[in-house]
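Summary of structural features
Chain by chain, the residues:
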Amino acid sequence: MNINRNSWSARKAVSAFIATASAMLLLTGCDPEAPPCNDAEVTRSMLQMVTQAHDDNLKGVSYKTSDLATITLDAPEVTAYDDKLKTRSCKVTYTVQAPKDRPAQMARYVAAMESPLLNIMGNIAGLSAAFGGPDPRKDLAQQQADVAAFQLWNQGPLTADPVRKSVNYRIQKEEGGKDYVVRTNVDVNGSIQYLRIAAQTDLMLKREAQQGKAQAAQQAETDRLSASGTWRKAVVIQDFATGHNDPYHCSKHQLYCMRARDAQGGIGTEAYYELDERKVDERGANALLAAQRGGHAVCLTGIQKTVNPNIFKVQGYSTQRNDKGEALDCPPGAAPGGPATVAASSAAQAEEAKLQKAADLIAAGNPNRGADTLAPAAAKQSGPENLMSVVTRYEMCGEEAMCLYTAKGNTVRMNAFGLSDGDRFLLAHAVKSQQPVCLRQLERVEGREFTAESVGSSC
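All figures in this text were calculated on a predicted structure; none of them were measured in a lab.

What counts as what
- Sequence order as written defines the numbering, with residues in each chain counted from 1.
- Per-residue local features are limited, in this predicted model, to residues with pLDDT of at least 70; the limit for side-chain atom pairs, both in listing and counting, is 80 or more; totals at the level of whole chains, interfaces and linings are taken over all residues.
- Calculation of side-chain values draws on the structure's entire complement of heavy atoms; hydrogens and water are dropped beforehand.
- Secondary structure follows DSSP: runs of H or I at least 4 residues long count as helices, runs of E at least 2 residues long count as strands, and numbering of each begins at the N terminus.
- To sort residues, take the accessible area from a 1.4 Å probe on protein chains only and compare it with the maximum for the residue type: under 20% means buried, over 50% means exposed, and anything in between is partly exposed.
- Residues are treated as being in contact if the distance between any of their heavy atoms lies within 4.5 Å.
- The nonpolar core is taken to be a set of buried Ala, Val, Leu, Ile, Met, Phe, Trp, Tyr and Cys residues, with the residues joined through side-chain atoms within 4.5 Å.
- Throughout this description, the term salt bridge denotes a Lys or Arg side-chain nitrogen within 4 Å of a carboxyl oxygen of Asp or Glu.
- Orientation is described by lines fitted to C-alpha atoms, with helices fitted over the stretch in contact, and by angles between N-to-C directions that extend from 0 to 180 degrees.
- An angle below 35 degrees is treated as roughly parallel, one above 145 as roughly antiparallel, one from 65 to 115 as roughly perpendicular, and anything else as oblique.
- Put simply, Ala, Val, Leu, Ile, Met, Phe, Trp, Tyr, Cys and Pro go in the nonpolar bin, Asp, Glu, Lys and Arg in the charged bin, and everything else, Gly too, in the polar bin.
- Pairing of aromatic rings covers Phe, Tyr and the six-membered ring of Trp, with a centre-to-centre limit of 6.5 Å; geometry is then stacked below 30 degrees between planes, edge-to-face above 60, and tilted otherwise.
- At least two DSSP bridges between two strands are needed for those strands to be called paired.
- Each residue carries a pLDDT score, the predictor's confidence in it, ranging from 0 to 100.

**So, the environment of V298**
With respect to the helices, strands and loops of the structure, V298 is situated in strand 10 (residues 297-301). We classify V298 as buried; its relative accessible area is 0%. Residues V298 and Q320, spaced 22 residues apart in sequence, show a C-alpha to C-alpha distance of 7.5 Å. Sequence-distant contacts of V298, defined by excluding residues within four places in its chain, comprise K233, A234, V235, I237, L288, A291, Y317, S318, T319 and A327.

**Regarding the nonpolar core**
The biggest cluster of nonpolar side chains holds 41 residues, and the ones touching the most others in it are V96, Y169, I171, Y194 and I197. For this core, the leading source of residues is helix 7 (residues 191-228), giving seven residues. With near-sequence residues (within four places) excluded, I171 lies in contact with A34, P35, P36, C37, V42, K86, T87, R88, C90, Y180, V181 and V182. Counting 19 residues, the second-largest nonpolar core is a separate cluster that includes V235, A260, F312 and Y317.

**Observations concerning the pattern of salt bridges**
Pairing between side chains of opposite charge can happen when their charged atoms approach one another. One pass over the structure, following the stated rule, counts 15 salt bridges. Across the pair D74 and R164 runs a salt bridge whose closest N-O atoms are separated by 2.6 Å. Here R164 lies in strand 5 (residues 163-173) and D74 lies in the loop between strand 2 (70-73) and strand 3 (77-82), a separation of 90 residues in the sequence. The exposure class of R164 is partly exposed, given its relative accessible area of 48%. As a salt-bridge pair, R196 and D146 come within 3.1 Å of each other at their nearest N and O atoms. Here R196 is found in helix 7, whereas its partner D146 is found in helix 6 (residues 137-154), with 50 residues between them in sequence. With respect to class, R196 is no different from D146; both count as buried.

**A few points about the packing of helix 9 (residues 282-294) against helix 11 (residues 421-433)**
Interaxial distance between helix 9 and helix 11 falls to 11 Å at its minimum, and their mutual angle equals 175 degrees. By the angle between their axes, helix 9 is roughly antiparallel relative to helix 11. Note on element contacts: helix 11 touches helix 9 through D421, R424, F425 and A428, opposite R283, N286 and A287. Within the contact of helix 9 with helix 11, the residues separate by chemical class into three nonpolar, one polar and three charged.

**Thoughts on the environment of M402**
Checked against the element boundaries, M402 lands in strand 17 (residues 401-406). Separated by 13 residues in the primary sequence, M402 and N415 place their C-alpha atoms 6.0 Å from one another. With near-sequence residues (within four places) excluded, M402 lies in contact with N286, Y394, E395, M396, C397, V412, R413, M414, A416, L419 and R424.

**Remarks on the packing of helix 3 (residues 102-113) against helix 7**
Taken N-terminus to C-terminus, the directions of helix 3 and helix 7 make an angle of 90 degrees; their axes are 9 Å apart at the nearest point. Between helix 3 and helix 7, the interaxial angle falls into the category roughly perpendicular. Each of R102, Q105, M106, R108, Y109 and V110 in helix 3 lies in contact with helix 7, whose residues at this interface are Y194, I197, A198, Q200, T201, D202, M204, L205 and E208. Along the lines of polarity and charge, the residues of the contact of helix 3 with helix 7 split into eight nonpolar, three polar and four charged.

**Concerning the packing of aromatic side chains**
Applying the stated criterion to the full structure yields five aromatic pairs. Ring geometry for F150 versus Y194: centroids 5.9 Å apart, planes at 40 degrees, classification tilted. Here the residue F150 occupies a position in helix 6, and Y194 occupies one in helix 7, the gap between them amounting to 44 residues. There is no split in this pair, since F150 and Y194 are both buried. Between the aromatic rings of F240 and Y256, the centroid separation amounts to 5.8 Å while the plane-to-plane angle is 75 degrees, which identifies the pairing as edge-to-face. Of the two residues, F240 is situated in the loop between strand 7 (231-239) and helix 8 (249-252) and Y256 in strand 8 (residues 255-262); the sequence distance between them amounts to 16 residues. Owing to a relative accessible area of 34%, F240 belongs among the partly exposed residues under this scheme. A residue is classified by how much of its surface remains accessible, and Y256, at 17% relative accessible area, is buried.

**A look at the pairing of strand 8**
In terms of burial, strand 8 is a largely internal element, six of the eight residues being buried. Strand direction decides the pairing type here: strand 7 and strand 8, joined by four bridges, are antiparallel. The partner of I237 across the bridge, within strand 8, is A260. With seven bridges joining them, strand 8 and strand 9 (residues 270-276) adopt antiparallel strand pairing. Along strand 9, the bridge assignment pairs Y256 with L275.

**A closer look at the confidence of the model for the protein chain**
Put simply, the protein chain has an average pLDDT of 79, and 77% of its residues get 70 or more. Note that pLDDT drops below 50 for residues 1-19; the model gives that stretch 52 contacts with residues more than four away or on any other chain. Below pLDDT 50 for its whole length, residues 337-382 participates in 81 contacts with residues either more than four positions away or in separate chains.

Structural data, given as structure tokens:
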């Protein structure tokens, strides 16, 4: 037996998305009488042609009918017989059924396609087309059209019931020959949309499985890093909000809270972080605020998870940055050397040791370090100078000004945002140890009021 199929074509009507496929089966070596409608060769070939008609219309998806559903034929029946022409007309119902657990997932996919939010997201994603990129709205429109066409044809939502359709075929003698041919015209409207929905559902489930696997791996890594006690990463502070429903949660529990996104790789992208507010002094608060305003990276140390998956506890922080503006000594992951219990990174500790050494050298070379070398009469009127002075305290004295108060009662005003984290660290150490610092480019304004450009450990 040979099968000779002419070109099958799919045509779509705008309203009903009708798709048809024509086929012809050639039977050779048959008896003078036309084969019956339920002939084994005829029904087997009819099943092949119905399946092929659906395969030919599964455009835009890398699936075959057999990957998505099972097609079966009911018992064929005779609708007409012409003894003179030896022509037998037949009718059979074919059934398309997705696997048992799939219709519920297909219904979930249909609900997603009907969500108004999906159209909003599609329009947002469509902005890429304006810049020469692919336009995902085309695929979305096709998927939504399939859903609408199926429900219109089905006269209701998709259920667990299979798709049932009838198809007519005719067995007749080949013109000018002794063989018989079977001709059919398979209308796949309704059943083809059912299969396309099944294909898109399968893709949806595969994406969800991949996302679930990635989330499980991410959670496992979060658990590992949290348990290490040395988890650190660089973040960019978005604002100082809380992740709790109570907007006063942080103040009630003496917490310093922030919402931040990862600056470089690591676990998660955006989360809330909570730090004991006693670990954030005035200098630290100003430095964190300046980092948030400038979009600079901050290193969080000793990060640990909480019962809320999007809120983390933090043991310490550092605002130290390198010349590129990156958080200093803050690679993502767990730092070696055991649990971290300090409130600063190793870089900040190294800076502390360096400043202490510099202060010791200054003290050794200046036995009168307790005396304020800055006095109103000593400052030259001709221009700025670099002078050593003991600073007793400092504070913000305006939106952008930092005021330093010296041991002799002078006030030195500086640009707060011009101070680096190292400058602030130096001032904090100098006030605590009463070591003199160098006030650079110092210039009198009036009386005991001065301005300075920067500070240093020595002049």
